[in-house]
Amino acid sequence: SRLGPPWPGFQSGLALAFSSSRVDARLPPDVEIMTPGPEVPHDLARFSGEWWGWMCRNRACDTKLAVEKLTRTGGRIVYAWARDGAERYSMRVEAKWEHGELSAGFPSGAAGVKYRMRSDGNLDVMYWKEGGSIWTTGILTRVRTH
């Protein structure tokens, strides 16, 4: 499913922190954050901006998100990821709103990512592949608005 696996029960207990990766995720230099228009409801417009955080067991993965454009139905995001011993990765993809979460599938169809707003204004993130049998989660905080 495009919604990916369900959020794990421990997700709400995860804390914002720096990743333990010595390699930082990098967004491409052409990222452009557009201010959401008035047609985008406030609770969705809150996703706009650049975000930085961690994923994976022991915070081993560094991750960044740029929410470049938002509409009533979705938008365009740039997902970036890095960890020690692996190539940095980033991809610009179209995202959709599904049950208040911003989700995107990758062109290969083998992986996806979703984000949801936490009550403290940070974002939960989940990345999955292989039909959701392999997944990881983490937390991001906003580092830049429009």
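The rules we used
Residues numbered from 1 in each chain as written. Predicted model: local features only at pLDDT ≥ 70, side-chain atom pairs only at ≥ 80, totals over all residues. Heavy atoms only, no water. Helix = DSSP H or I, 4+ residues; strand = E, 2+ residues; numbered from the N terminus. Rg over C-alpha atoms; globule rule 2.2 N^0.38 Å. Buried < 20%, exposed > 50% of the residue type's maximum accessible area, 1.4 Å probe, protein only. Contact = heavy atoms within 4.5 Å. Areas by Shrake-Rupley, 256 points an atom, 1.4 Å probe, with all protein chains shown as cover. Core = buried A, V, L, I, M, F, W, Y, C linked by side-chain atoms within 4.5 Å. Pairing = 2+ DSSP bridges.

Time to look at the overall build of the protein. Across its full length, the protein holds one helix and eight strands. The N-to-C order of helical and strand elements in the protein reads α-β-β-β-β-β-β-β-β. Against the compact-globule benchmark of 15 Å for 146 residues, the protein has a radius of gyration of 14 Å, which places it among compact chains. Along the first, second and third principal axes, the C-alpha set of the protein runs to 40 × 30 × 30 Å. Expressed as a percentage of the 146 residues in the protein, the buried residues total 47%. In the protein, the share of contacts with a sequence separation of at least 24, taken over all contacts with a separation of at least 6, comes to 56%. Of the accessible surface of the protein, which amounts to about 7,600 Å², a share of 51% is contributed by carbon and sulfur atoms.

Note that threonine 137 resides in strand β8 (residues 134–144). Here threonine 137 falls in the buried class, since its relative accessible area comes to 4%. In this structure threonine 137 touches Trp7, Pro8, Phe10, Gln11, Leu14, Trp54, Met55, Cys56, Val125 and Met126, once residues within four positions along its chain are discounted.

The subject of this paragraph is the nonpolar core. If you look at the biggest cluster of nonpolar residues, it comprises 27 residues, and the most contacted ones within it are Phe47, Leu65, Ile77, Leu102, Val113, Tyr115 and Leu123. Residue assignment for this core shows that the elements contributing at least two residues are α1 (42–45), β1 (49–55), β2 (61–70), β3 (74–83), β4 (89–98), β5 (101–105), β6 (111–117) and β7 (123–129). Apart from the residues within four sequence positions on either side, tyrosine 115 is in contact with Phe47, Leu65, Ile77, Tyr79, Glu101, Leu102, Leu123, Asp124, Val125 and Leu140. If you look at the next biggest cluster of nonpolar residues, it comprises eight residues, including Ala25, Ala66, Ala80 and Ala82.

Attention now moves to the pairing of β1. Taken across its seven residues, β1 has six buried, putting it largely inside the fold. The pairing of β1 with β2 spans seven bridges and is antiparallel. Bridged to methionine 55 within β2 is cysteine 61. With antiparallel pairing between neighbouring strands as the criterion, β1 and β2 make up a hairpin whose turn holds five residues, including cysteine 56 at a positive phi of roughly 80°. Pairing of β1 with β8, which is carried by six bridges, proceeds in the antiparallel orientation. Across the sheet, the residue bridging to glycine 53 is leucine 140, located in β8.

None of this, on its own, says anything about what the molecule does.
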